[in-house]
Amino acid sequence: MDPVVIPILVAAIVVVFLVAATVRIVPQARRYNIERFGRYRRTLQPGLNFVLPVADRINTKLDVREQVYSSDPKPVITEDNLVVNIDTVLYYQITDPRAAAYEVADYLQAIDQLTVTTLRNVIGSMDLEGTLTSREEINARLRAVLDDATGKWGIRVNRVEIKAIDPPNTIKEAMEKQMRAERDKRAAILHAEGERQAKILTAEGTQQKDILEAQGTQQAMILRADGESKAVELVFQSVHRNNADAKVLAYKYLETLPHLAQSDNNTFWVIPGELTEAIRTVTHAFGDRATGTGPPAATRREDADDPASDGEDKDHVDAPEIQPNSTLALDAVAAADEAAKQAAVAVSDAKAEAEAAGETRPPGRRGTAGG
């Protein structure tokens, strides 16, 4: 090999080594602390940087992004002498790489120990119930203490969160029983309240039902009374319009009388004293028509010639006159006799039924018939 080539190769290797030792490329969100002859010189920023070969060296490489650190469960004693295990989660960020590298030997261990001592101081002044319900307060007090202590270390604590609080198993069982009792109590209260509301609504519904039924019964009685009143009024007007005399009314009276004993529940009824008078009136009425007694023909002709009488009776047809010894007269006599017989039979049947009913009833309640 040519003696000139060897020195050139050696010089080229030295140059490459010096260039490689001089140039430093720092990634984004990273910081490099540079020492020159063992003394802190400067912190390299992201990008292309130049250092002195051999004299300068990189001491620490730090990540300035926000970091998450989860500590192991730590036993802490509460004010009421109960031991609880607490897990914490810490969010921190390096703000000063030089201080983080030279002010504290291990900043993560320092933060962990500081968190434990601060938790014991904070939770030592609280009971178990306050510890379980005051997480926000504990987090705020932890953050204030850690931020103040780690500021000189070039670290900013952004958030401190309590991940879990584990009381002893006996305390868990007691808390579960208490929660179950509270739920049972609320369920019983809600059930009782529901029953009370149901009873109130049922009572109100029953009251409204009774009121509506009473109003319906009242309206029905009023309508029934109005109907009966109108029916009686129509009958009364019809009787007066047809100019019915006492003989016709007596016949209708006898015709209605047998219906008094038709009901199955009638064990006592009174025979009116006017019965014989009504029979006598009907008998005389049909007897007078049969013998030809009545208003004379001249009077009937005068009534026929009377214009007022024509005006009053123009709405109905005059009944034919019954002549003596005629077929109509004989039929009238027969009808009167038949009506008298039927009335007598109805009275006899009614008396017999009343006596039979009185025999079957217990003493002291027997019905009597009056005449």
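The preceding data block contains the structure.
Residues numbered from 1 in each chain as written. Predicted model: local features only at pLDDT ≥ 70, side-chain atom pairs only at ≥ 80, totals over all residues. Heavy atoms only, no water.

1. What about the overall build of the chain?
Next, step 1: A tally of helices and strands in the chain yields 11 helices and nine strands.
Next, step 2: When burial is assessed residue by residue, the chain has 24% of its 371 residues classed as buried.
Next, step 3: Partitioning the intrachain contacts of the chain with sequence separation of at least 6 by distance along the chain shows that 63% fall at a separation of at least 24.
Next, step 4: As presented, the chain carries roughly 25,600 Å² of accessible surface, and 56% of it is formed by carbon and sulfur atoms. (Helix = DSSP H or I, 4+ residues; strand = E, 2+ residues; numbered from the N terminus. Buried < 20%, exposed > 50% of the residue type's maximum accessible area, 1.4 Å probe, protein only. Contact = heavy atoms within 4.5 Å. Areas by Shrake-Rupley, 256 points an atom, 1.4 Å probe, with all protein chains shown as cover.)

2. A look at a nonpolar patch on the surface
Next, step 1: A cluster of nonpolar residues, Ile6, Val10, Val14, Phe17 and Leu18, forms a patch on the protein surface that exposes about 440 Å² of accessible area.
Next, step 2: Here Val14 is to be found in helix H1 (residues 5-22).
Next, step 3: By relative accessible area, which is 42% here, Val14 ends up partly exposed. (Patch = residues over 30% accessible without salt bridge, like charges linked within 9 Å, V, L, I, M, F, W, Y side chains within 5 Å. Salt bridge = Lys/Arg side-chain N within 4 Å of Asp/Glu carboxyl O.)

3. Points about a negative patch on the surface
Next, step 1: A cluster of acidic residues, Glu79, Asp80, Asp127 and Glu129, forms a negative patch at the surface.
Next, step 2: Examined against the element boundaries, Glu79 turns out to sit in the loop between strand S7 (74-77) and strand S8 (83-94).
Next, step 3: Exposure remark for Glu79: the relative accessible area of 51% places this residue in the exposed category. (Lys, Arg positive; Asp, Glu negative; His and termini not counted. Charge placed at Lys NZ, Arg CZ, Asp CG, Glu CD.)

4. Concerning the pattern of salt bridges
Next, step 1: Scanning all chains against the criterion turns up seven salt bridges.
Next, step 2: Put simply, Arg65 and Asp63 hold a salt bridge, and the shortest N to O gap is 2.7 Å.
Next, step 3: Three or more residues are tied together by salt bridges with common partners; here these are Arg30, Asp63 and Arg65.

5. With respect to the sheet that holds strand S5 (residues 56-63)
Paired through their backbone hydrogen bonds, the strands of a sheet run either parallel or antiparallel.
Next, step 1: Taken together, three strands build an open sheet; the order of strands is S3-S2-S5 and the sheet is antiparallel. Both outer strands of the open sheet, strand S3 (39-44) and S5, are each paired with one neighbouring strand and no more. Pairwise comparison of adjacent strand axes, ignoring direction, gives a mean angle of 25° for this sheet.
Next, step 2: Sheet analysis places strand S2 (residues 30-36) next to S5, joined by seven bridges and oriented antiparallel. By the bridge assignment for S5, Arg30 is matched with Asp63. (Pairing = 2+ DSSP bridges. Axes fitted to C-alpha atoms, helices over the stretch in contact; angles between N-to-C directions.)

Geometric values such as these leave the question of function open.
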